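Below are the chains, spelled out letter by letter.
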There are 2 protein chains.
Amino acid sequence: MTADNHDSFGLIAIAKQTRLASMKLAVLSTAARNEAIEAIASALLSSQDEIIQANITDCEAAAKQGIAKPLYKRLQLDEHKLKDNIAGVKDIGKLPDPVGSVQIHRKLDTGLILKRVTCPLGVLGVIFEARPEAAIQIASLAIKSGNGVILKGGKEAIHSCEAIIKAIKQGLSQTKVDPDAVQLLTTREETLELLKLDKYVDLIIPRGSNSFVKFVQQNTSIPVLGHADGICHLYIDQAANIEKAVNITVDAKTHYPAACNAIETLLVHQEIASTFLPQVAEALQKLNVELRGDTATQSILSNLSNIVPATETDWETEYSDLILSIKIVDSLPEAITHINEYGSKHTDAIITEDIEAAETFLSLVNAAGVYHNCSTRFADGFRYGFGAEVGISTQQIPPRGPVGLEGLITYKYRMTGNGHIASSYTGEDAKAFLHKDL
Amino acid sequence: MTADNHDSFGLIAIAKQTRLASMKLAVLSTAARNEAIEAIASALLSSQDEIIQANITDCEAAAKQGIAKPLYKRLQLDEHKLKDNIAGVKDIGKLPDPVGSVQIHRKLDTGLILKRVTCPLGVLGVIFEARPEAAIQIASLAIKSGNGVILKGGKEAIHSCEAIIKAIKQGLSQTKVDPDAVQLLTTREETLELLKLDKYVDLIIPRGSNSFVKFVQQNTSIPVLGHADGICHLYIDQAANIEKAVNITVDAKTHYPAACNAIETLLVHQEIASTFLPQVAEALQKLNVELRGDTATQSILSNLSNIVPATETDWETEYSDLILSIKIVDSLPEAITHINEYGSKHTDAIITEDIEAAETFLSLVNAAGVYHNCSTRFADGFRYGFGAEVGISTQQIPPRGPVGLEGLITYKYRMTGNGHIASSYTGEDAKAFLHKDL
C-alpha cells in the first residue's frame, strides 16, 4: 500500500500502528528520545540532496500550475532553509523534557502517595499546508514529547514531504523509537477521515488559513489546538508617549502583516488623536498601509487624500495585509469594550505612561495576551522563550496563547497504596486524610 | 420577568448581565471575594427556615408525582444537610485563592517583562439535577474563583433553588460582588438556549447522568467539563497479596456502586484465579453483588449457582449498581490491552507485590488515574486534597481526573515593555532575547 492510496480501512490500520508505536515511545527515557531527535537530524542531513531534488519536482509542478508567488515561496526548500531546519531539530533535542515532570506529590495518608506526573497525549494529527519543513519541525516536537504523529501535508508539497518522512523514518530505525510513530498522509480525502479517528488520535493541530482551522473545528470531536482569528488591537491612551506609540503602531502593523499577531485596528483616545494621528498616518502611508477611519478619524486626517471610511465590517476583519482600521474612542472603558466585543482574544496592547490605566487595561481586556508599551508582535512561543511553538490558541480555557511543548502533553494521577480502601475514611471511625505535600 | 419565564431574548439579557457582573468580580481582591463567601454563608443561615420550607414544598410535590426513592432522598434538604453545606461554603472561603497566581515570570529583555497570571474564566454555565445544595456549592466556588455563574437546576428542586439563590443574592448585595454574578434558570427549554450562548458562557459544567453529559457535549460549542462514563477496572496480578486484593475489590465495588469511581470489571491473572476468585466471590455475594464471568471464571466458580455468563456488552457497561463482570487474563499485557480498549480513562488499579509489574501498569494504562494497591474509590477531588471538586474529567487533555478550583480558571500573558518593538529582534543587527526567569 502506498502512502497516497489509503482507503478508510488503510487509514485505520495506519492509525493503529501509530498508536502502538506511540505506546512504546511514551515509556522511553529522556535520553532515548533525545537520541532519536539526533538521529532525525543526521538522517535529514544525509538525505539532503534527495529532499532538495524532491522539492524541485514539487516547485516545478507548482510553477506549471501557476501557483501564487507567496505560496511558491513557502513551498521552496533550498539547502539553506533545510540546514536551518536541521539546526532547529537539534535545538528541540536540547529543550527540557516535558514528560515525567511531577506536578503534585502528596501524602494522602501513611503509605498512600499521590503523584501527578506529565505524560504524552498519545497520537497527534497534524494537518498543514504548503511549507514542507513543517513536517520536520512537527515530527521532532512529537518525538521529543513522546507522541506518535500522523501528518497530512499539502498536496503541492507531496514529494518533499515524502522525502522528508522517508529520511526521518530511516533515522528512527537506528534508534529505540519505532519508525511507525511518524506517519504521512497525502490525499485530501484522508483529512476528513483523520478528523473522524477519535479513537486513535488525541489532538488535532491544523496549520493553515482561518477558514481551514474553522472547518477542522466544526468537523471533529477530537480536541483541536489552534486559533481561527487574530484580530489584535492597539489602544493609544491619552497619556501615551507619542514616539513609542508611533513606533509600536508601525511595528505591530507592518513588520509582518500576514501574521496573526499583527494589529488590525488602532483605537485612539480623543484627547491625543489630533496630535498622534497625523504623525502615525504619515509613517504608515510611507509604508503603503491603507488607512480606514471612522468619521472622527477622517475629520482629523482630512488633509490626507486617501483615508477610506471604516464600516462595521472593518472592526471584525482580520486583513492579514497592509490595511489598518482606526477608531477614536472617548475613554479607556470604551476602548476595552470595543476590544472585548470585536477582538479575537489573541493579543491586545495599550500604549500609556499612566500605570493605573495600563493596569485597568491588562485586567479588563479578555485576551490570551495583554500588553503594555510593547508590540503585539511579541506574541510567539519562541519570543516567550518556549523554544518551540506548536500553535497559538485563542480559546478561553488553557492552553491559551502561544503554546510550546506543554501543549503536547497531559498528566496522570499515579497513586500507590498498601491495601488502602476508601471505606476506612468514611463513617463513624473515619480516618482523616493527611494531605501533606512532599 | 420571573425566573421561570424567560424567552430566548430574556436569557441573552440575563447572560449579558452576568457577563458584566463577572467582569467586575474578576478584578476584586482575594479579601473581597472571601468576604462575599462569608456573606453567602450568613445569608443562607438567616434564610434557613425559608429554604427548608421551600424544600418541603418541592418534596411534597415530588412525592405526589411518585418520584423514585433515591431521587427523593437527593431532593431533600433538611436542617442538618443545610448546616453541613453552610459549613462547606465557609471552607471554600478558606481555600487558597486560585486567581492571580504567577505561573511564569520572565525577563525577555531589559525592560520587557512577561508574566503568566491565572485569572477567572468568565461565566460558567452549570446544569444540575435534583440536589438543591449543588446550587450552594457551585455559587460559592464560582465567586471564590472570580467567575459569574448561570445555574440551571432540576425542575423538581425549583422552589428550593429559588430560595437558595434569593438568599445568596441577598447576601452578595451587602458586599462588593454584584448579585447579578449569580443567576438561576429553571425551565427545561432554557437548558438548550444556555448551550447556545457561546458568546456569553465560557464553560459548561453538566452534573447528571452519563446520557445527559453526552447530550450536553453533543449540543454545544462551548467547552464542557465533565465525564460521560466511569468504567473503572481492577486488575489482580499473579503476584497480588490475596487479602489486599479481596478487600480492595469489595471496597471498589460495594462502597458506593453508583459512583463513577466504582469498578465495573475485575481482571484476574490466570495464575492466581483459582485461589483468589472463590474468596472474592464469597465476599461479594455476601454483599449481594451479581457476578458475571467469562467462561474461565464460570469454570472456576462452577460450585456457585448464580454466576451469570459475561458477554461482550458487559466489558463496555457502567453498571452503577451491585454488578461486577469478571475476566481471566493470560498476562499483564492482556490486562492492559483490555483496559485501554474498554476503559473510559477514568481510574484503573493493579493489585500486585511485584514493583516492576506495577510500574508497567501505571505507565501503560491510559487513564486519568492509575493506582497500585489501593481502591479506585480514592479518585475524588476532596480525597486528593483539592478542597473542592467541580467535576471529574475523562478527556485526554488537561484538566484531567478530579478537578478542583483549577478547572474554573484560565491564564493571561501580561507583558510590559517600554516601547519595545519586534523588528529590533530580527534581521542583521538583531538583538537577542535574554529569557531569564525572575
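Scroll up to find the structure this text is about.
Let me sum up the structure you'll find in this document. These figures come from a predicted structure and were not determined experimentally.

1. A closer look at helix H11 (residues 270-286) of chain A
Residues and elements named next belong to chain A.
Stage number 1. Over its 17 residues, H11 runs 24 Å from end to end, which matches the ideal 24 Å to within 8%, given 1.5 Å per residue.
Stage number 2. At Phe 276, H11 is deflected by roughly 45°, the largest bend along its length, and proline Pro 278 occurs up to four residues later in sequence.
Stage number 3. Residues of H11 that are buried include every one of Ala 273, Phe 276, Leu 277, Val 280, Ala 281 and Leu 284, and no others.

2. Describing the packing of helix H2 (residues 30-46) of chain A against helix H5 (residues 79-94) of chain A
Residue and element names in this part refer to chain A.
Stage number 1. Relative orientation of the contacting elements H2 and H5 amounts to 170°, with a least axis distance of 9 Å. As far as their axial angle goes, H5 and H2 are roughly antiparallel. Residues Asn 34, Ile 37, Glu 38, Ile 40, Ala 41, Leu 44 and Leu 45 of H2 form the contact with H5, whose own contacting residues are Ile 86, Val 89, Lys 90, Ile 92 and Gly 93.
Stage number 2. Grouping the amino acids of the contact of H2 with H5 by side-chain chemistry returns 8 nonpolar, 2 polar and 2 charged.

3. Some points on the interface of chain B and chain A
Stage number 1. Counting from both sides, the interface comprises 54 residues of chain B and, opposite them, 54 residues of chain A.
Stage number 2. Secondary structure elements with two or more residues in the side of chain B that touches chain A: strand E1 (102-109), strand E2 (112-120), helix H10 (242-254), helix H15 (355-364), strand E13 (369-374) and strand E16 (409-420) of chain B.
Stage number 3. A total of 11 residues in the side of chain B that touches chain A trace back to one element, the largest contributor, which is E16 of chain B.
Stage number 4. Looking at the side of chain B that touches chain A residue by residue, the class counts come to 25 nonpolar, 20 polar and 9 charged.
Stage number 5. By the bridge criterion, 5 bridges tie strand E16 (residues 409-420) of chain A to E13 of chain B in an arrangement that is parallel. Bridged to Arg 414 of chain A within E13 of chain B is Val 370 of chain B.

4. Thoughts on the sheet that holds strand E3 (residues 123-128) of chain A
Residues and elements named next belong to chain A.
Stage number 1. Taken together, the 4 strands give an open sheet; going across it, the order is E5-E4-E3-E6, and neighbouring strands pair in parallel fashion. Two strands bound the open sheet, and with one partner strand each, they are strand E5 (182-185) and strand E6 (203-207). For this sheet, the mean inter-axis angle between neighbouring strands, taken without regard to orientation, is 20°.
Stage number 2. In this structure, E3 lies alongside E6, joined through 5 bridges in parallel fashion. What sits directly across from Ile 127, in E6, is Pro 206.
Stage number 3. Across the sheet, helix H6 (residues 133-144) is in contact with E3, strand E4 (148-152), E5 and E6; its angle to E4 comes to roughly 165°.
Stage number 4. Of the strands in this sheet, E3, E4, E5 and E6 touch helix H8 (residues 188-196), which is tilted by about 145° from E4.

5. Describing helix H2 (residues 30-46) of chain B
Residue and element names in this part refer to chain B.
Stage number 1. Here H2 contains 17 residues, and its C-alpha end-to-end distance of 25 Å stays within 8% of the 24 Å for a straight helix at 1.5 Å per residue.
Stage number 2. Buried residues of H2: Arg 33, Ala 36, Ile 37, Ala 39, Ile 40, Ala 41, Ala 43 and Leu 44, and no others.
Stage number 3. Where H2 is buried, its residues contact helix H3 (48-64), helix H5 (79-94), helix H6 (133-144) and helix H7 (158-172).

6. Details of the relation of the copies chain B and chain A
Stage number 1. The transformation that overlays chain B on chain A combines an axial shift of 0.0 Å with a rotation of 180°, and the residual RMSD is 0.1 Å. Given the turn and translation reported, the copies of this chain are related as if by a two-fold rotation axis. Scanning chain B for the C-alpha nearest the rotation axis identifies Pro 398 of chain B, at a separation of 4.1 Å.
Stage number 2. Of all interface residues in chain B, 100% are interface residues in chain A too; the two copies therefore contact each other through one and the same surface.

Analysis parameters
Residues numbered from 1 in each chain as written. Chains lettered and ligands numbered in written order. Predicted model: local features only at pLDDT ≥ 70, side-chain atom pairs only at ≥ 80, totals over all residues. Helix = DSSP H or I, 4+ residues; strand = E, 2+ residues; numbered from the N terminus. Expected span 1.5 Å × (residues − 1). Bend = angle between axes of the 7 residues up to and from the residue. Buried ≥ 20, exposed ≤ 12 C-beta atoms within 10 Å, placed from the backbone. Axes fitted to C-alpha atoms, helices over the stretch in contact; angles between N-to-C directions. Parallel < 35°, antiparallel > 145°, perpendicular 65-115°, else oblique. Contact = placed C-beta atoms within 7 Å. Nonpolar A, V, L, I, M, F, W, Y, C, P; charged D, E, K, R; others polar. Pairing = 2+ DSSP bridges. Least-squares fit on C-alpha atoms with pLDDT ≥ 70 in both.

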